[in-house]
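Coordinate analysis (summary)
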Amino acid sequence: MTTVLTETGEFEEPDATVSGEALWLSSRRAEEATGWVAKAEGMCKADICVPLPPGREQEFTLASRVNLAALWRHMGQPVAHSDRGHVWVLAASARDRSAALGSLEAPNFTLPDVSGRPHSLSDYRGKKVFLVTWASW
């Protein structure tokens, strides 16, 4: 079992293959974990496509599998993994994080109110919001 941590969450990958610095997932699981999908243009997420280096396509995609670690490094994003390779982190670059912080736009999240009804921050974009938190410790 391999655990992959991304900006969108934590994913347990029973069929992941780890080989040195490579993290191979099925195309379907790679898309679920990261949003990136292999296409003729390269690796794509929504309207953005990253071309793969000519002649090196097999470093990134092979049959129906994707090497997410190679893709992340190719895009200049940080990759870290445990010594045994059972936990991987595919993170955003410092440049991307800095831009997000500079935008002063909080990331979206959803929390329940006292009666259990969920509220997402994105539901209140453009409105003033007063958010109160509390912890017993």
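Predicted, not measured: the structure shown is a model, and the values here were computed from it.

Moving on, we come to the pattern of salt bridges. When the charged atoms of two side chains with opposite charge come close together, those side chains can pair. Enumeration over the complete set of coordinates arrives at 5 salt bridges. With a shortest N-O distance of 2.8 Å, Glu 13 and Arg 29 are connected by a salt bridge. You can see Glu 13 sitting in strand β2 (residues 9–13) and its partner Arg 29 sitting in helix α1 (residues 27–34), a full 16 residues away along the chain. Shared partners join several salt bridges into a network, and the residues in it are Glu 13, Arg 28, Arg 29 and Glu 32.

By the criterion of burial, strand β4 (residues 22–26) is predominantly enclosed, with 4 of the 5 residues buried. Examined bridge by bridge, strand β3 (residues 17–19) and β4 share 3 bridges and lie antiparallel to one another. Across the sheet, the residue bridging to Thr 17 is Trp 24, located in β4. The turn joining β3 and β4, which pair antiparallel and follow one another in sequence, is formed by 2 residues; a positive phi near 65° is taken by Gly 20. In this structure, β4 lies alongside strand β9 (residues 65–67), joined through 3 bridges in antiparallel fashion. The residue bridging Trp 24 from the neighbouring strand is Asn 67, located in β9.

Attention now moves to the sheet that holds strand β5 (residues 37–39). Overall, antiparallel pairing links the 3 strands, which are arranged β5-β6-β7 in an open sheet. For this open sheet the edge positions go to β5 and β7 (48–50), each flanked by a neighbour on one side alone. The mean angle between the axes of side-by-side strands here comes to 35°, regardless of whether they run parallel or antiparallel. Inspection of the sheet shows β5 paired to strand β6 (residues 42–45) by 3 bridges, in the antiparallel sense. Each bridged residue has a counterpart across the sheet, and for Lys 39 the counterpart in β6 is Gly 42.

About the cut-offs
- Residues numbered from 1 in each chain as written.
- Predicted model: local features only at pLDDT ≥ 70, side-chain atom pairs only at ≥ 80, totals over all residues.
- Heavy atoms only, no water.
- Salt bridge = Lys/Arg side-chain N within 4 Å of Asp/Glu carboxyl O.
- Helix = DSSP H or I, 4+ residues; strand = E, 2+ residues; numbered from the N terminus.
- Buried < 20%, exposed > 50% of the residue type's maximum accessible area, 1.4 Å probe, protein only.
- Pairing = 2+ DSSP bridges.
- Axes fitted to C-alpha atoms, helices over the stretch in contact; angles between N-to-C directions.

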